[in-house]
Amino acid sequence: EKGGFAHFMLKEIHEQPKAYRDTMLGRIDESGRRIVLPDLHLTEDKIRSINNVHIVACGTAYHAGLVGGSVIERLVRIPVMYDVASEYRYRSPLITPETLVIVVSQSGETADTLAALREAQANGAHVLAITNVVGSSIARDADDVINTLAGPEIAVASTKAYTSQLIAFYLFSLYLAQVRGTQTADEIAHIIAAMHALPEQVESMLANVDAIKAYAEHIAKHEDLFFIGRGLDYAVAMEGSLKLKEISYIHSEAYAAGELKHGTLALIEEGIPVIALATQESVLEKTVSNIKEVKARGADVLALTHEEHVAGLLKSVDQAFAIPKTLPILTPALSVVPLQLLAYYASLARGNDVDKPRNLAKSVTVE
Ligand code: M6R
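Before going into details, it helps to say that this report is about the structure given with it. Small disclaimer: the values here were computed from a predicted structure and weren't measured.

Reading the values: the criteria
Residues numbered from 1 in each chain as written. Predicted model: local features only at pLDDT ≥ 70, side-chain atom pairs only at ≥ 80, totals over all residues. Heavy atoms only, no water. Helix = DSSP H or I, 4+ residues; strand = E, 2+ residues; numbered from the N terminus. Rg over C-alpha atoms; globule rule 2.2 N^0.38 Å. Contact = heavy atoms within 4.5 Å. Areas by Shrake-Rupley, 256 points an atom, 1.4 Å probe, with all protein chains shown as cover. Lys, Arg positive; Asp, Glu negative; His and termini not counted. Charge placed at Lys NZ, Arg CZ, Asp CG, Glu CD. Axes fitted to C-alpha atoms, helices over the stretch in contact; angles between N-to-C directions. Parallel < 35°, antiparallel > 145°, perpendicular 65-115°, else oblique. Left-handed = near helix turned anticlockwise from the far one by under 90°. Nonpolar A, V, L, I, M, F, W, Y, C, P; charged D, E, K, R; others polar. Buried < 20%, exposed > 50% of the residue type's maximum accessible area, 1.4 Å probe, protein only.

### A look at the overall build of the protein chain
A count of helical and extended segments in the protein chain gives 14 helices and 10 strands. On C-alpha atoms alone, the protein chain measures out to a radius of gyration of 20 Å, which is about the 21 Å that the 2.2 N^0.38 rule sets for 367 residues. In the protein chain, 76% of the contacts between residues at least 6 apart in sequence involve partners at least 24 apart. When the accessible surface of the protein chain is totalled, it reaches about 14600 Å², and 51% of it is carbon and sulfur. Measuring between centres, the 33 positive side-chain charges of the protein chain sit 1 Å from its 45 negative side-chain charges.

### Quick notes on the packing of helix H9 (residues 185-206) against helix H14 (residues 332-349)
Taken N-terminus to C-terminus, the directions of H9 and H14 make an angle of 25 degrees; their axes are 10 Å apart at the nearest point. As judged from the angle between their axes, H9 and H14 are roughly parallel. Handedness of the H9/H14 crossing: right-handed. Between H9 and H14, the residues in contact are Leu198, Gln201, Val202, Met205 and Leu206 and Ala333, Leu334, Val337, Pro338 and Leu341, respectively. Across the contact of H9 with H14, the residue classes break down as nine nonpolar, one polar and no charged.

### Observations concerning the environment of Ala85
Mapped onto the secondary structure, Ala85 falls in helix H5 (residues 85-88). Note on Ala85: relative accessible area 1%, which makes it buried. Note: C-alpha distance between Ala85 and Ala57 (28 residues apart in sequence) is 5.0 Å. Ala85 has contacts with Val56, Ala57, Cys58, Asp112, Thr113 and Ala116, leaving out every residue within four places of it along the chain.

Laid out in C-alpha coordinates, this is it:
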(Lines give C-alpha, C1' and ligand atoms only; values in the text may rest on other atoms or scores of the structure.)
Protein backbone atom coordinates (compact mmCIF):
# COMPACT_ATOMS: atom_id res chain seq x y z
CA GLU A 1 0.00 0.00 0.00
CA LYS A 2 2.99 2.30 0.52
CA GLY A 3 4.18 1.47 -2.98
CA GLY A 4 7.66 0.47 -1.85
CA PHE A 5 8.19 3.59 0.27
CA ALA A 6 8.98 3.33 3.98
CA HIS A 7 6.20 5.77 4.91
CA PHE A 8 3.07 7.26 3.40
CA MET A 9 4.62 10.70 3.79
CA LEU A 10 7.58 9.82 1.57
CA LYS A 11 5.26 8.18 -0.96
CA GLU A 12 3.07 11.27 -1.00
CA ILE A 13 6.08 13.58 -1.42
CA HIS A 14 7.01 11.49 -4.45
CA GLU A 15 3.48 11.64 -5.83
CA GLN A 16 3.67 15.41 -6.19
CA PRO A 17 4.70 15.54 -9.86
CA LYS A 18 1.64 13.44 -10.71
CA ALA A 19 -0.57 15.52 -8.42
CA TYR A 20 0.57 18.71 -10.20
CA ARG A 21 -0.16 17.20 -13.61
CA ASP A 22 -3.54 15.81 -12.57
CA THR A 23 -4.61 19.09 -10.97
CA MET A 24 -3.72 21.00 -14.17
CA LEU A 25 -5.25 18.42 -16.51
CA GLY A 26 -8.28 19.67 -18.43
CA ARG A 27 -8.02 23.13 -16.86
CA ILE A 28 -5.67 24.57 -19.48
CA ASP A 29 -6.89 24.65 -23.07
CA GLU A 30 -5.03 22.93 -25.91
CA SER A 31 -3.32 26.12 -27.05
CA GLY A 32 -1.72 26.38 -23.60
CA ARG A 33 -2.82 30.01 -23.47
CA ARG A 34 -6.09 29.96 -21.55
CA ILE A 35 -7.51 28.57 -18.32
CA VAL A 36 -10.79 26.70 -18.56
CA LEU A 37 -12.84 26.08 -15.43
CA PRO A 38 -16.16 24.97 -16.94
CA ASP A 39 -17.67 23.74 -13.68
CA LEU A 40 -17.54 27.12 -11.95
CA HIS A 41 -20.87 28.74 -11.14
CA LEU A 42 -19.08 32.03 -10.62
CA THR A 43 -20.12 34.01 -13.71
CA GLU A 44 -17.81 36.38 -15.53
CA ASP A 45 -20.02 39.28 -14.41
CA LYS A 46 -19.76 38.14 -10.83
CA ILE A 47 -15.98 37.85 -11.18
CA ARG A 48 -15.84 41.43 -12.43
CA SER A 49 -17.89 42.61 -9.45
CA ILE A 50 -15.65 41.07 -6.75
CA ASN A 51 -13.90 43.80 -4.80
CA ASN A 52 -12.16 41.79 -2.10
CA VAL A 53 -11.16 38.24 -1.32
CA HIS A 54 -10.99 36.46 2.03
CA ILE A 55 -8.94 33.29 2.29
CA VAL A 56 -9.80 31.09 5.26
CA ALA A 57 -8.25 27.76 6.25
CA CYS A 58 -6.25 25.97 8.95
CA GLY A 59 -2.67 24.79 9.23
CA THR A 60 -1.01 23.81 6.01
CA ALA A 61 -4.08 24.73 3.97
CA TYR A 62 -3.81 28.24 5.45
CA HIS A 63 -0.19 28.38 4.37
CA ALA A 64 -1.24 27.47 0.82
CA GLY A 65 -3.75 30.31 1.09
CA LEU A 66 -0.99 32.76 2.01
CA VAL A 67 0.77 31.96 -1.26
CA GLY A 68 -2.47 31.88 -3.25
CA GLY A 69 -3.68 35.22 -1.93
CA SER A 70 -0.41 36.89 -2.73
CA VAL A 71 -0.62 35.56 -6.28
CA ILE A 72 -4.19 36.88 -6.63
CA GLU A 73 -3.07 40.30 -5.44
CA ARG A 74 -0.17 40.35 -7.87
CA LEU A 75 -1.97 39.03 -10.94
CA VAL A 76 -5.46 40.42 -10.40
CA ARG A 77 -4.90 43.42 -8.12
CA ILE A 78 -7.81 42.61 -5.78
CA PRO A 79 -7.17 43.09 -2.05
CA VAL A 80 -6.94 39.83 -0.12
CA MET A 81 -7.33 39.15 3.60
CA TYR A 82 -6.29 35.95 5.31
CA ASP A 83 -7.63 34.27 8.41
CA VAL A 84 -7.09 31.03 10.21
CA ALA A 85 -10.57 29.57 10.31
CA SER A 86 -10.77 29.39 14.10
CA GLU A 87 -10.43 33.20 14.24
CA TYR A 88 -12.56 34.23 11.28
CA ARG A 89 -16.08 34.15 12.70
CA TYR A 90 -15.12 35.72 15.98
CA ARG A 91 -13.67 38.93 14.59
CA SER A 92 -16.88 39.98 12.77
CA PRO A 93 -15.21 40.01 9.36
CA LEU A 94 -16.48 42.58 6.88
CA ILE A 95 -18.18 40.31 4.38
CA THR A 96 -20.37 41.73 1.59
CA PRO A 97 -21.90 40.17 -1.54
CA GLU A 98 -18.85 41.54 -3.40
CA THR A 99 -16.53 39.47 -1.20
CA LEU A 100 -15.27 36.21 -2.62
CA VAL A 101 -14.43 33.84 0.21
CA ILE A 102 -12.02 31.02 -0.60
CA VAL A 103 -11.87 28.19 1.91
CA VAL A 104 -9.07 25.66 1.57
CA SER A 105 -9.23 22.18 3.09
CA GLN A 106 -7.59 18.94 2.07
CA SER A 107 -10.11 16.78 3.94
CA GLY A 108 -13.10 19.04 3.38
CA GLU A 109 -14.16 18.15 6.94
CA THR A 110 -12.30 20.62 9.16
CA ALA A 111 -14.90 21.97 11.60
CA ASP A 112 -13.54 25.51 11.85
CA THR A 113 -13.26 25.86 8.08
CA LEU A 114 -16.80 24.57 7.60
CA ALA A 115 -18.08 27.05 10.19
CA ALA A 116 -16.23 29.87 8.40
CA LEU A 117 -17.85 28.85 5.12
CA ARG A 118 -21.29 29.08 6.75
CA GLU A 119 -20.52 32.47 8.26
CA ALA A 120 -19.47 33.75 4.83
CA GLN A 121 -22.59 32.41 3.12
CA ALA A 122 -24.84 33.86 5.83
CA ASN A 123 -23.37 37.26 5.00
CA GLY A 124 -24.06 36.89 1.29
CA ALA A 125 -20.59 36.02 0.03
CA HIS A 126 -19.90 33.53 -2.73
CA VAL A 127 -17.75 30.72 -1.31
CA LEU A 128 -15.24 28.85 -3.40
CA ALA A 129 -13.74 25.74 -1.80
CA ILE A 130 -10.43 24.19 -2.74
CA THR A 131 -10.62 20.63 -1.45
CA ASN A 132 -9.11 17.24 -2.11
CA VAL A 133 -12.12 15.10 -1.19
CA VAL A 134 -15.06 15.01 -3.59
CA GLY A 135 -18.34 14.90 -1.70
CA SER A 136 -16.82 16.15 1.57
CA SER A 137 -18.90 18.48 3.78
CA ILE A 138 -17.04 21.59 2.60
CA ALA A 139 -17.22 20.53 -1.06
CA ARG A 140 -20.97 19.95 -0.71
CA ASP A 141 -21.79 23.20 1.03
CA ALA A 142 -19.60 25.59 -0.98
CA ASP A 143 -21.02 27.53 -3.91
CA ASP A 144 -18.12 26.42 -6.06
CA VAL A 145 -15.38 23.83 -5.75
CA ILE A 146 -12.00 23.41 -7.35
CA ASN A 147 -10.91 19.85 -6.62
CA THR A 148 -7.24 19.25 -6.15
CA LEU A 149 -6.44 15.90 -7.72
CA ALA A 150 -3.75 14.83 -5.30
CA GLY A 151 -5.35 11.45 -4.53
CA PRO A 152 -5.85 10.25 -0.95
CA GLU A 153 -3.41 11.71 1.54
CA ILE A 154 -2.80 9.34 4.45
CA ALA A 155 0.16 10.82 6.35
CA VAL A 156 -0.93 13.34 8.97
CA ALA A 157 1.69 15.77 7.64
CA SER A 158 0.23 17.28 4.51
CA THR A 159 2.52 17.43 1.47
CA LYS A 160 0.96 16.72 -1.90
CA ALA A 161 -2.32 18.31 -0.79
CA TYR A 162 -0.47 21.59 -0.06
CA THR A 163 1.32 21.70 -3.38
CA SER A 164 -1.86 20.77 -5.28
CA GLN A 165 -3.61 23.61 -3.48
CA LEU A 166 -0.90 25.91 -4.81
CA ILE A 167 -1.57 24.64 -8.34
CA ALA A 168 -5.31 25.22 -7.85
CA PHE A 169 -4.58 28.78 -6.69
CA TYR A 170 -2.34 29.44 -9.70
CA LEU A 171 -5.07 28.21 -12.06
CA PHE A 172 -7.78 30.21 -10.36
CA SER A 173 -5.69 33.39 -10.16
CA LEU A 174 -4.90 33.12 -13.86
CA TYR A 175 -8.59 32.59 -14.59
CA LEU A 176 -9.51 35.73 -12.64
CA ALA A 177 -6.78 37.65 -14.49
CA GLN A 178 -8.07 36.35 -17.81
CA VAL A 179 -11.67 37.41 -17.09
CA ARG A 180 -10.76 40.79 -15.61
CA GLY A 181 -8.09 41.47 -18.22
CA THR A 182 -5.39 42.25 -15.67
CA GLN A 183 -2.77 40.13 -17.49
CA THR A 184 -2.26 39.94 -21.24
CA ALA A 185 -2.82 36.70 -23.15
CA ASP A 186 0.97 36.43 -23.59
CA GLU A 187 1.63 36.92 -19.89
CA ILE A 188 -0.90 34.20 -19.07
CA ALA A 189 0.63 31.84 -21.65
CA HIS A 190 4.07 32.50 -20.18
CA ILE A 191 2.95 31.54 -16.66
CA ILE A 192 1.13 28.44 -17.96
CA ALA A 193 4.28 27.30 -19.80
CA ALA A 194 6.28 27.64 -16.58
CA MET A 195 3.59 25.67 -14.69
CA HIS A 196 3.92 22.80 -17.17
CA ALA A 197 7.62 22.53 -16.32
CA LEU A 198 7.03 22.22 -12.54
CA PRO A 199 6.44 18.43 -12.35
CA GLU A 200 9.79 17.63 -13.97
CA GLN A 201 11.52 20.17 -11.78
CA VAL A 202 10.10 18.45 -8.69
CA GLU A 203 11.26 15.11 -10.08
CA SER A 204 14.78 16.47 -10.42
CA MET A 205 14.77 17.55 -6.77
CA LEU A 206 13.44 14.17 -5.62
CA ALA A 207 16.22 12.40 -7.50
CA ASN A 208 18.78 14.23 -5.43
CA VAL A 209 18.05 14.08 -1.71
CA ASP A 210 21.43 13.19 -0.18
CA ALA A 211 22.37 16.71 0.88
CA ILE A 212 19.00 17.45 2.48
CA LYS A 213 19.08 14.08 4.27
CA ALA A 214 22.51 14.81 5.72
CA TYR A 215 21.35 18.27 6.78
CA ALA A 216 18.24 16.75 8.44
CA GLU A 217 20.46 14.40 10.44
CA HIS A 218 22.44 17.44 11.56
CA ILE A 219 19.42 19.46 12.72
CA ALA A 220 17.87 16.40 14.39
CA LYS A 221 20.38 17.02 17.20
CA HIS A 222 19.00 20.52 17.84
CA GLU A 223 15.95 21.59 19.85
CA ASP A 224 15.37 25.00 18.29
CA LEU A 225 15.81 26.55 14.92
CA PHE A 226 14.58 29.37 12.71
CA PHE A 227 13.27 29.75 9.21
CA ILE A 228 13.51 33.17 7.63
CA GLY A 229 12.38 34.62 4.32
CA ARG A 230 10.65 37.56 2.70
CA GLY A 231 7.44 37.65 0.66
CA LEU A 232 6.53 34.26 -0.75
CA ASP A 233 9.67 32.84 0.85
CA TYR A 234 8.18 33.81 4.22
CA ALA A 235 4.94 31.96 3.41
CA VAL A 236 6.94 28.85 2.49
CA ALA A 237 9.08 29.26 5.61
CA MET A 238 5.89 29.06 7.69
CA GLU A 239 4.95 25.80 6.02
CA GLY A 240 8.47 24.39 6.43
CA SER A 241 8.42 25.27 10.11
CA LEU A 242 5.00 23.68 10.71
CA LYS A 243 6.03 20.50 8.91
CA LEU A 244 9.20 20.21 10.97
CA LYS A 245 7.43 20.82 14.31
CA GLU A 246 4.63 18.43 13.48
CA ILE A 247 6.69 15.33 12.83
CA SER A 248 10.20 15.92 14.22
CA TYR A 249 9.04 17.74 17.40
CA ILE A 250 11.92 20.18 16.96
CA HIS A 251 10.82 23.65 17.96
CA SER A 252 11.10 26.17 15.17
CA GLU A 253 9.81 29.59 14.26
CA ALA A 254 9.29 31.11 10.87
CA TYR A 255 10.09 34.78 10.73
CA ALA A 256 9.77 37.46 8.12
CA ALA A 257 13.49 38.05 7.64
CA GLY A 258 13.25 41.81 8.21
CA GLU A 259 11.31 41.41 11.45
CA LEU A 260 13.96 39.47 13.37
CA LYS A 261 15.75 42.54 14.62
CA HIS A 262 12.56 43.67 16.36
CA GLY A 263 13.03 41.15 19.13
CA THR A 264 13.69 37.61 18.00
CA LEU A 265 17.30 38.30 17.10
CA ALA A 266 17.94 38.03 20.86
CA LEU A 267 17.44 34.26 20.52
CA ILE A 268 20.16 33.82 17.93
CA GLU A 269 23.20 32.32 19.54
CA GLU A 270 26.29 30.37 18.52
CA GLY A 271 25.48 27.34 16.38
CA ILE A 272 21.69 27.74 16.14
CA PRO A 273 20.48 26.54 12.75
CA VAL A 274 18.78 29.17 10.58
CA ILE A 275 17.24 28.12 7.28
CA ALA A 276 17.05 31.13 4.99
CA LEU A 277 14.80 31.00 1.97
CA ALA A 278 16.28 33.31 -0.61
CA THR A 279 14.53 32.57 -3.89
CA GLN A 280 12.65 35.83 -4.42
CA GLU A 281 15.02 37.96 -6.46
CA SER A 282 13.16 41.23 -5.91
CA VAL A 283 14.07 41.08 -2.21
CA LEU A 284 17.26 39.02 -2.40
CA GLU A 285 19.61 41.80 -1.37
CA LYS A 286 17.47 42.60 1.67
CA THR A 287 17.32 38.93 2.65
CA VAL A 288 21.10 38.73 2.37
CA SER A 289 21.47 41.59 4.83
CA ASN A 290 19.16 39.77 7.25
CA ILE A 291 21.24 36.63 6.79
CA LYS A 292 24.32 38.65 7.73
CA GLU A 293 22.57 39.80 10.91
CA VAL A 294 22.08 36.23 12.13
CA LYS A 295 25.47 35.10 10.87
CA ALA A 296 27.13 37.86 12.89
CA ARG A 297 25.48 36.37 16.03
CA GLY A 298 26.90 32.93 15.33
CA ALA A 299 23.99 31.23 13.51
CA ASP A 300 24.67 28.21 11.32
CA VAL A 301 22.90 29.25 8.11
CA LEU A 302 21.57 27.11 5.28
CA ALA A 303 20.28 29.07 2.28
CA LEU A 304 17.79 27.79 -0.27
CA THR A 305 18.24 29.76 -3.45
CA HIS A 306 18.61 29.48 -7.20
CA GLU A 307 21.79 28.00 -8.67
CA GLU A 308 23.00 31.37 -10.00
CA HIS A 309 23.04 32.84 -6.46
CA VAL A 310 24.69 29.89 -4.70
CA ALA A 311 28.27 31.09 -5.16
CA GLY A 312 27.42 34.64 -4.06
CA LEU A 313 25.44 33.50 -1.03
CA LEU A 314 28.17 31.14 0.09
CA LYS A 315 30.12 34.24 1.11
CA SER A 316 27.51 34.83 3.83
CA VAL A 317 26.15 31.35 4.68
CA ASP A 318 27.50 27.96 5.72
CA GLN A 319 25.67 25.89 3.11
CA ALA A 320 23.41 26.57 0.15
CA PHE A 321 21.08 24.26 -1.77
CA ALA A 322 19.80 25.13 -5.22
CA ILE A 323 16.10 25.25 -6.11
CA PRO A 324 15.33 24.87 -9.85
CA LYS A 325 14.51 28.14 -11.57
CA THR A 326 10.93 29.09 -12.31
CA LEU A 327 8.88 32.29 -12.12
CA PRO A 328 8.97 33.91 -8.65
CA ILE A 329 5.23 33.32 -8.06
CA LEU A 330 5.62 29.61 -8.86
CA THR A 331 8.74 29.05 -6.75
CA PRO A 332 6.80 27.94 -3.62
CA ALA A 333 5.71 24.83 -5.57
CA LEU A 334 9.41 23.90 -5.72
CA SER A 335 11.02 25.42 -2.65
CA VAL A 336 8.69 23.62 -0.24
CA VAL A 337 9.88 20.20 -1.44
CA PRO A 338 13.29 20.23 0.30
CA LEU A 339 11.53 21.46 3.46
CA GLN A 340 9.12 18.51 3.34
CA LEU A 341 12.10 16.18 2.94
CA LEU A 342 13.91 17.94 5.75
CA ALA A 343 10.98 17.33 8.12
CA TYR A 344 10.69 13.74 6.95
CA TYR A 345 14.35 12.85 7.43
CA ALA A 346 14.62 14.76 10.73
CA SER A 347 11.61 12.84 12.06
CA LEU A 348 13.15 9.59 10.86
CA ALA A 349 16.51 10.44 12.45
CA ARG A 350 14.74 11.00 15.77
CA GLY A 351 12.94 7.68 15.56
CA ASN A 352 9.48 9.25 15.53
CA ASP A 353 6.32 7.82 14.05
CA VAL A 354 6.50 9.83 10.84
CA ASP A 355 3.01 9.17 9.51
CA LYS A 356 1.23 9.42 12.86
CA PRO A 357 2.83 12.16 14.97
CA ARG A 358 1.84 12.43 18.62
CA ASN A 359 -1.21 14.49 19.61
CA LEU A 360 -2.42 15.05 16.03
CA ALA A 361 -5.22 13.72 13.85
CA LYS A 362 -5.49 13.76 10.08
CA SER A 363 -8.87 15.39 10.11
CA VAL A 364 -9.82 17.93 12.80
CA THR A 365 -13.58 17.81 13.22
CA VAL A 366 -13.80 19.66 16.56
CA GLU A 367 -13.64 23.44 16.95
O1 M6R B 1 -8.06 18.92 5.99
P2 M6R B 1 -7.60 20.34 6.15
O3 M6R B 1 -6.76 20.79 4.97
O4 M6R B 1 -8.72 21.29 6.41
O5 M6R B 1 -6.66 20.33 7.41
C6 M6R B 1 -6.13 21.53 7.91
C7 M6R B 1 -5.01 21.26 8.89
O8 M6R B 1 -5.48 20.53 10.00
C9 M6R B 1 -3.85 20.50 8.25
O10 M6R B 1 -3.37 21.15 7.10
C11 M6R B 1 -2.68 20.33 9.23
O12 M6R B 1 -2.11 21.58 9.50
C13 M6R B 1 -1.65 19.35 8.66
N14 M6R B 1 -1.54 18.20 9.50
C15 M6R B 1 -0.29 19.94 8.48
O16 M6R B 1 0.58 19.03 7.89
